[in-house]
Amino acid sequence: MIRGGKSVLRYIVKRLVMIIPVMLGVTLIIFSIMDLTPGDPAMMILGEGATPEDCAALRVEMGLNDPFVVRYCRYIGNALKGDFGKSYRTRIPVFQEILNRLPYTLCLAFISIFIAVSLGLPIGVLSAVKQYTIIDNAAVGTALLMTSMPSFWLGMMLILTFSIRFKIFPPLGVDSWKCFILPAISTSATSMAALLRMTRSAMLEVIRQDYIRTARAKGASECRVIFRHALRNALLPVVTVVGMYFGVGLGGAIVIEQVFAIPGLGQLMVNAIRDKDVPMLVAAVLFAAIIASLINLVVDIMYAYIDPRLKSKYVVVKIRRRSAS
Amino acid sequence: MSDNLLKIKDLHVMYRTDDANIYAVNGVDLSLQKGRTLGLVGETGAGKTTLALSVMRLLPDNVGFVTGGSITFDEFEVMKLSEQDMRLLRGKDISMIFQDPMTSLNPIKTVGSQIDEVLELHHPEQSATERAHQVDRMMEMVGIPANRKGEYPHQFSGGMKQRIVIAIALACNPKLLLADEPTTALDVTIQAQVLTMMNRLKSQLGTSMILITHDLGIVAQICDEVAIMYAGEIVEKGTVEDIFEGTVHHPYTVGLFGAIPNLKEKTRRLHPIEGLMPDPATLPQGCYFADRCEHCTVRCRSESPQMLRVGETHRVKCHLFCNQSGV
Amino acid sequence: MTATETVSASGLQAQERFKKYKKKSQFRTIWNRLKKNRLAMLGLIIFSVILIIVLGADLAFDYEADAIAQHLSQRFKHPSWQHLLGTDQYGRDLLARVIYGGRISLFVGIATICVSLTMGIVIGASAAYYGGWVDNVLMRFTDMFLAIPHTLMALTLVAALGNSMLNLILAMGLSNTPRMSRLVRSAVLGITEQDYVKAARSCGAKDSRIIFRHILPNAIGPILVQATQTVARSVLTISALSFIGLGISEPTPEWGAMLSEAKSQMRYHANLAVAPGVAIITSVLSLTLLGDGLRDALDPRLKN
């Protein structure tokens, strides 16, 4: 049962409204950073043999001499229509290229956060409940090791073991679903370790609280105390952070794509940087950043459903108003 | 004798920490009859809470240990019960309420569901609607409108939260209620309300109660018997008349009373008791109160005093009264 | 002097003595608590060893000869007494490259904290001190920067600025600044709201005195913890950037770049891929352990 439905809706709308300036800000930041790139786009497009007059003419045609604000607004305006410009190198609309690549990266990012959550959270809880036992020490030790490991190195080691030594999984490409296993494991390792540690410390914190003692004093079994009382309270701070780790996973995916030769957004970005293909790079980074923000938003909204303190903040205001009138 | 609901005999409790062993309870003898209220008085650190937690067997795992003595509740040997059986007792026959109402309730569960939980645990035969009625009844009993049972703890004030805690504790009509400084964290006016309510409920339901407090005023208000605790020992016990109107007292008790501001007499200064309670990790030989006692003798420093009879129901643990009663 | 004056004079003396005792013992207590944490001490020892090895590398190796110069006749040698970890595809001693690579990583890491700390303190302290709309604007900007995933941010900055050493440091420093300014702001705010600061103000203490005597000592703790985490994170980030070709360029030894080269060779020469990875793990792990230990030691609540 969803209590206070209307007030939760109000919260969602509020958050949606607030995300717009943040996203605009993100686009502004990325656009202005990329604006600093040295080099003449006109020269890049026309090639080495172009004359200075041709370059100047092209610059005017592309509107590259206009002031920053004008160019920025024009870019946003076009973007909203789906036009992110054409690649300097291939002259193909950037949007098309990104849409081709995006699914692979998103797939990787989602699988990795899924692994991170479904392994990290339960093991974290187990670790906290069995504090100081072998399970706890092993879990914490492994987690520490994984947070210190670069994901691409893990990827390489996995390839060495499972592709070269044991030939279970293919090392490269995206031919089958099997191709996603090793990359997903590599990307998820850091997030999983971090979530494990967070869940563990949140559980340890919650178990020491007074209301847990109250629950025990009621005669509740330890099982009930952990799952009905401690867990939900402990997961609250962890949930808020899952969105952030999706963003970390997205960043990790960029590097992993290089290791496993996955034709995703990351590879697109790296190539664009190498070729100084600014429109491609701007659009790719923008997409990644916007998606990360949206996922964060979704997580925030989910949090409102879970934490009754947030819900009731709006209900209480309603009651007060009613009694005042 | 069989009228005794709770009988604690020579109880010793110790906490084991990384730095040292802390001897929190050192040989406590107490008994409580059905329907009576015992006030357990003492400074912070005297071991009162530890005593109560031991009765419930809620000492922190791996840290708190009962190292000696026995606790008999209603003919059950508490220390020998299995954990499962102990859980049947907790919340149903013995309940406990704790000091800080702000943190005693689960912040993400409604207050109604928290009261309902204790009913669900101990009365599985009842249907959900029957339980709901009981929850409403309990809330009305503690003075909170039943229509608020869908609200969350943070929407209530401190005094109301404590009432909810009391409702949870009394929902299954326990034989014994352990109340650990239930009103210390509340304002004085709310304190009075909550105490009056507790008194009323107590007589209504016939609950025996051990009220832990450092406030002698509260003891005078609602207790039948009093036990004064110091450094893990009971140094004086008796009925409330013995303690408040009696003529002989343990020097610590004298000090406690002397530290209370007197509205009637004109006093220039309060007389606090000099010194501090001994470190529970390194307890001295002989009487624990020796360092702070005006009447301290050589014997006090070497020999631990016995519990001596100074009245029919009045006992004092002090060498001063040796001649009066004989051992 | 009257009776009250003598009393207050001796009272002041006692106060001064107490203050001196208090200041010394605060650091001492934290250090003692840290010492008890075995993992943290392990981290500290390992990191110190790494520092010593990396700084003293010139005693055992010659940078030009061992790490840079190519000796094609010595390619892919197995580990031996001459080359403890073997050689890479250009005949360069692997151990030497790993150690000199450590210098780069540590240098970048420390430089990154310097940049992000400076900017973080400026932004965070201003936001906390001035409050009002300044605080709002600065924090909104910080939120926007934080909305972009860290690696992505560093990547974008490097793409735009180029990958000279200075630009790399700037890029990493800037991408860490939002987190640092957030931290400084909450540390300063948290302390100014405390009762003892209000008490100090009511005693007539000047603002500067409050800042130096109260705010800074208390803010140093979380900043120090964040600093260790930042160095650890930047070691990982710079290696990731170098791995995809955006960071330190050849022939300067850098762990990530070394791994990138090793990838094509690792089928037959696994040591090329394992060694730099182990180096990264060791450095980051020791820093993480140290940071965790510091965080626990600074937390006044006991763990048990």
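Rules of the game
- Starting from 1, residues in each chain are numbered consecutively following that chain's sequence as written.
- Here the convention is simple: chains get letters from A, ligands get numbers from 1, in the order in which they are written.
- Restriction of local features to residues with pLDDT of at least 70 applies here, the model being predicted, together with a cutoff of 80 or more for giving and counting side-chain atom pairs; totals for whole chains, interfaces and linings are based on all residues.
- Under the scheme used here, helices are H or I runs from DSSP no shorter than 4 residues and strands are E runs no shorter than 2 residues, and both carry numbers assigned from the N terminus.
- Once C-beta atoms are placed from the backbone, any two residues with those atoms within 7 Å are in contact.
- Put simply, Ala, Val, Leu, Ile, Met, Phe, Trp, Tyr, Cys and Pro go in the nonpolar bin, Asp, Glu, Lys and Arg in the charged bin, and everything else, Gly too, in the polar bin.
- One bridge is not enough; two strands pair if DSSP finds at least two bridges between them.
- To get an axis, a line is fitted to the C-alpha atoms, and for a helix only the part in contact is used. The angle between two axes follows their N-to-C directions and goes from 0 to 180 degrees.
- In this scheme the crossing of two helices becomes right-handed for a clockwise turn of the near helix relative to the far one and left-handed for an anticlockwise turn of less than a right angle.
- To sort residues by exposure, count the other C-beta atoms lying within 10 Å of each residue's C-beta; 20 or more gives buried, 12 or fewer gives exposed, and values between give partly exposed, all with C-beta atoms placed from the backbone.
- By definition, pLDDT measures how confident the predictor is in each residue, and it falls between 0 and 100.
- For a helix, the expected span equals 1.5 Å multiplied by the residue count minus one.

Q: If you had to explain the overall build of chain C to someone new, which residues and values would you point to?
A: Within chain C one finds 12 helices and zero strands. Long-range contacts, defined as pairs at least 24 residues apart, comprise 66% of the intrachain contacts of chain C with a sequence gap of at least 6.

Q: Run through the interface of chain C and chain A, naming residues and quoting values.
A: Each partner contributes to the interface: chain C provides 34 residues, whereas chain A provides 37 residues. Sorting the residues of the side of chain C that touches chain A by element identifies helix H6 (132-147), helix H7 (150-161), helix H10 (207-243), helix H11 (255-265) and helix H12 (270-298) of chain C as the ones contributing at least two each. The biggest single contributor to the side of chain C that touches chain A is H7 of chain C, with nine residues. Residues belonging to the side of chain C that touches chain A are distributed by class as follows: 24 nonpolar, seven polar and three charged.

Q: I'd like to hear about the sheet that holds strand E2 (residues 21-33) of chain B, residue by residue, with values.
A: Strand order in the open sheet made by the four strands is E2-E1-E4-E5 (chain B), with antiparallel pairing throughout. The open sheet terminates on both sides in strands that have one partner only, identified here as E2 and strand E5 (76-77) of chain B.

Q: Kindly report on the packing of helix H7 (residues 151-165) of chain A against helix H8 (residues 181-207) of chain A, identifying the contributing residues and their values.
A: Residue and element names in this part refer to chain A. Packing of H7 against H8 brings their axes to within 9 Å, and their N-to-C directions diverge by 145°. Considering only the axes of H7 and H8, their crossing is right-handed. Contacts between H7 and H8 involve Ser151, Leu154, Gly155, Leu158, Ile159 and Phe162 from the former and Leu182, Pro183, Ile185, Ser186, Thr187, Ala189 and Thr190 from the latter. Here the contact of H7 with H8 is built from residues that sort into eight nonpolar, five polar and no charged.

Q: Describe in detail the arrangement of the chains, supporting the description with residues and values.
A: Contacts are most numerous, across the two pairs of chains in contact, for chains A and C. At the level of C-alpha atoms, the two units chain B and chain C stay apart, their nearest approach being 9 Å.

Q: Lay out unusual backbone geometry in plain terms, naming residues and giving numbers.
A: Peptide bonds are mostly trans, and most non-glycine residues show a negative phi. All names here are of chain B. A positive phi angle, near 55°, is found at Arg57, a position not held by glycine. Mapped onto the elements of the fold, Arg57 is located in the loop between helix H1 (48-56) and strand E4 (64-73). With 19 C-beta atoms counted inside 10 Å, the residue Arg57 sits in the partly exposed group. For Glu181, which is not glycine, the phi torsion reads 45° and is therefore positive. In this fold, Glu181 is placed in the loop between strand E7 (176-180) and helix H7 (188-205).

Q: Which residues make up the confidence of the model for chain C, and what are the values?
A: Note that predicted coordinates carrying low pLDDT should not be read in detail. Residue and element names in this part refer to chain C. Summarising the model, chain C shows a mean pLDDT of 80, and 84% of its residues fall at 70 or more. The element-level mean pLDDT for chain C is lowest in helix H1 (residues 3-36), coming to 63, with helix H2 (residues 38-55) highest at 90. In the predicted assembly, ipTM is 0.84 and pTM is 0.83.

Q: Explain the packing of helix H5 (residues 94-129) of chain A against helix H10 (residues 222-260) of chain A to me, and be specific about the residues and the numbers.
A: Residues and elements named next belong to chain A. At a minimum axis distance of 8 Å, the contact between H5 and H10 shows a crossing angle of 145°. H5 and H10 meet at a crossing whose hand is right-handed. Two secondary-structure elements touch here, H5 through Thr105, Leu108, Ala109, Ser112, Ile113, Ala116, Val117, Leu121, Val125 and Val129 and H10 through Ile226, Leu231, Val238, Val242, Tyr245, Phe246, Gly249, Leu250, Ala253 and Ile256. Class assignment for the residues of the contact of H5 with H10 results in 17 nonpolar, three polar and no charged.

Q: Could you give an account of the pairing of E7 of chain B, with specific residues and numbers?
A: All names here are of chain B. Among the five residues of E7, five are classified as buried, and the element is accordingly described as predominantly covered. Neither face of E7 is left uncovered, since the one carrying Leu176, Leu178 and Asp180 and the one carrying Leu177 and Ala179 both have all their residues buried. Examined bridge by bridge, strand E6 (residues 94-97) and E7 share four bridges and lie parallel to one another. Bridge pairing in E7 links Met96 to Leu178. Sheet topology places E7 next to strand E8 (residues 208-213); five bridges connect them, and they run parallel.

Q: Lay out the sheet that holds strand E11 (residues 307-309) of chain B with the relevant residues and their values.
A: All names here are of chain B. Read across the sheet, eight strands follow the order E6-E7-E8-E3-E9-E10-E12-E11 without closing on themselves; strand pairing throughout is mixed. In this open sheet, the two edge strands, each paired with only one partner strand, are E6 and E11. Taken over all neighbouring pairs, the strand axes of this sheet differ in orientation by 20° on average, direction set aside.

Q: Please give an account of the interface of chain B and chain A that cites residues and values.
A: Listed by partner, the interface residues are 25 residues for chain B and 19 residues for chain A. A per-element tally of the side of chain B that touches chain A places helix H4 (residues 111-122) of chain B first, with four residues. Considering only residue class, the side of chain B that touches chain A consists of 12 nonpolar, eight polar and five charged.

Q: Can you lay out helix H4 (residues 68-80) of chain A for me, pointing to particular residues and giving the numbers?
A: The periodicity of an α-helix, 3.6 residues per turn, causes residues three or four places apart in sequence to face the same way. Compared with the 18 Å implied by 1.5 Å per residue over 13 residues, the 18 Å span of H4 of chain A between its first and last C-alpha is a close match. Little of H4 of chain A is tucked away, with one of its 13 residues classed as buried.

Q: Any details on the pairing of strand E9 (residues 225-230) of chain B? Residues and values, ideally.
A: All names here are of chain B. Counting buried positions along E9 yields six of six residues, so the element is predominantly enclosed. Neither face of E9 is left uncovered, since the one carrying Glu225, Ala227 and Met229 and the one carrying Val226, Ile228 and Tyr230 both have all their residues buried. As paired elements, E9 and strand E10 (residues 233-239) share six bridges and run antiparallel to each other. The partner of Ile228 across the bridge, within E10, is Glu236. What sits between E9 and E10 in their antiparallel hairpin is a turn of two residues, with Ala231 showing a positive phi close to 50°.

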